[in-house]
Amino acid sequence: MEHIKDLPLLQMTAESLMVSSEKVAHVQLNNPLEHALLILVTSGYSAIPVLDTRYKFKGIIGKNAILNEILGLERFEMERLSEVTVEDVLMRDIPSVNKSDHFLTCLKNVLDHPFLCVVDQEGNFDGIVTRREILKQLNKYIHVNKELFTELSEGEK
Ligand code: AMP
């Protein structure tokens, strides 16, 4: 039986799994929250990457963080949407991967996040790897290699 380390799935890299940066909706640090909310609502995504003006990755911003930021004591303070910028609200402390990182690194990181940002050594944004893509590849792999899993579970008896 093929050793688990030699399986092609585990050799897939973030690069082969990612949606490249040109196809990813993003906002910039200096955009007002109003613009970020517009992009989030029209794209239908709950969170998107934040880049600086040189396309370096800075974090992510989501609808919840924006709504929390403008929530006053008794009402949403809508005027704050044009006063506050993305820089004041974005989440900076989130994991990212490199194009050459393997499937298992991506899998481990998407357990807690619906998508991962792919960033190079200089911090340039390359794209995203979604949890959906990771699960799709895992599902395909398990179906194509059903016998391998049967053999494994029979070996345990
Ligand atoms: P999905 O698995 O396709 O539903 O994507 C999971 C999450 O990844 C979405 O909710 C977004 O936060 C993010 N995402 C997926 N595709 C894009 C994209 N093209 N642009 C920006 N964010 C995206």
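Reading the values: rules and limits
Residues numbered from 1 in each chain as written. Predicted model: local features only at pLDDT ≥ 70, side-chain atom pairs only at ≥ 80, totals over all residues. Heavy atoms only, no water. Salt bridge = Lys/Arg side-chain N within 4 Å of Asp/Glu carboxyl O. Buried < 20%, exposed > 50% of the residue type's maximum accessible area, 1.4 Å probe, protein only. Axes fitted to C-alpha atoms, helices over the stretch in contact; angles between N-to-C directions. Helix = DSSP H or I, 4+ residues; strand = E, 2+ residues; numbered from the N terminus. Parallel < 35°, antiparallel > 145°, perpendicular 65-115°, else oblique. Left-handed = near helix turned anticlockwise from the far one by under 90°. Contact = heavy atoms within 4.5 Å. Nonpolar A, V, L, I, M, F, W, Y, C, P; charged D, E, K, R; others polar. Near = heavy atom within 4 Å. Polar contact = N/O pair within 3.5 Å; in protein donor to acceptor, adjacent residues only side chain to side chain. Areas by Shrake-Rupley, 256 points an atom, 1.4 Å probe, with all protein chains shown as cover.

The name an unreviewed UniProt entry gives the protein chain is CBS domain-containing protein, with Pelagirhabdus alkalitolerans as the organism.

A. Inspection of the pattern of salt bridges at higher detail. The final tally for this structure, using the stated rule, is five salt bridges. R54 is the salt-bridge partner of D52, the closest N and O atoms lying 4.0 Å from each other. Accessibility expressed as a relative area gives 59% for R54, which makes it exposed.

B. Expanded view of the packing of helix α6 (residues 103-110) against helix α7 (residues 131-144). At a minimum axis distance of 10 Å, the contact between α6 and α7 shows a crossing angle of 125 degrees. Between α6 and α7, the angle falls in the class oblique. Every pair of crossing elements has a handedness; the one defined by α6 and α7 is left-handed. The segment α6 lies against α7, with F103, C106, L107 and V110 engaging R131, I134, Q137 and L138. In the contact of α6 with α7, the residues fall into six nonpolar, one polar and one charged.

C. Inspection of the site of the ligand at higher detail. Lining the immediate environment of the ligand, one finds K23, V24, A25, Y45, S46, A47, I48, P114, F115, I128, T130 and R132. The contact in question runs from a nitrogen atom of the ligand to an N or O atom on the side chain of Y45, over 3.3 Å. One nitrogen or oxygen atom from the main chain of A47 is found 2.5 Å from an oxygen atom belonging to the ligand. About the coverage of the ligand: the protein hides 81% of its 480 Å² of free accessible area. Those elements that provide at least two residues to the shell around the ligand are β3 (47-51) and β7 (125-130). Looking at the shell around the ligand residue by residue, the classes come out as eight nonpolar, two polar and two charged.

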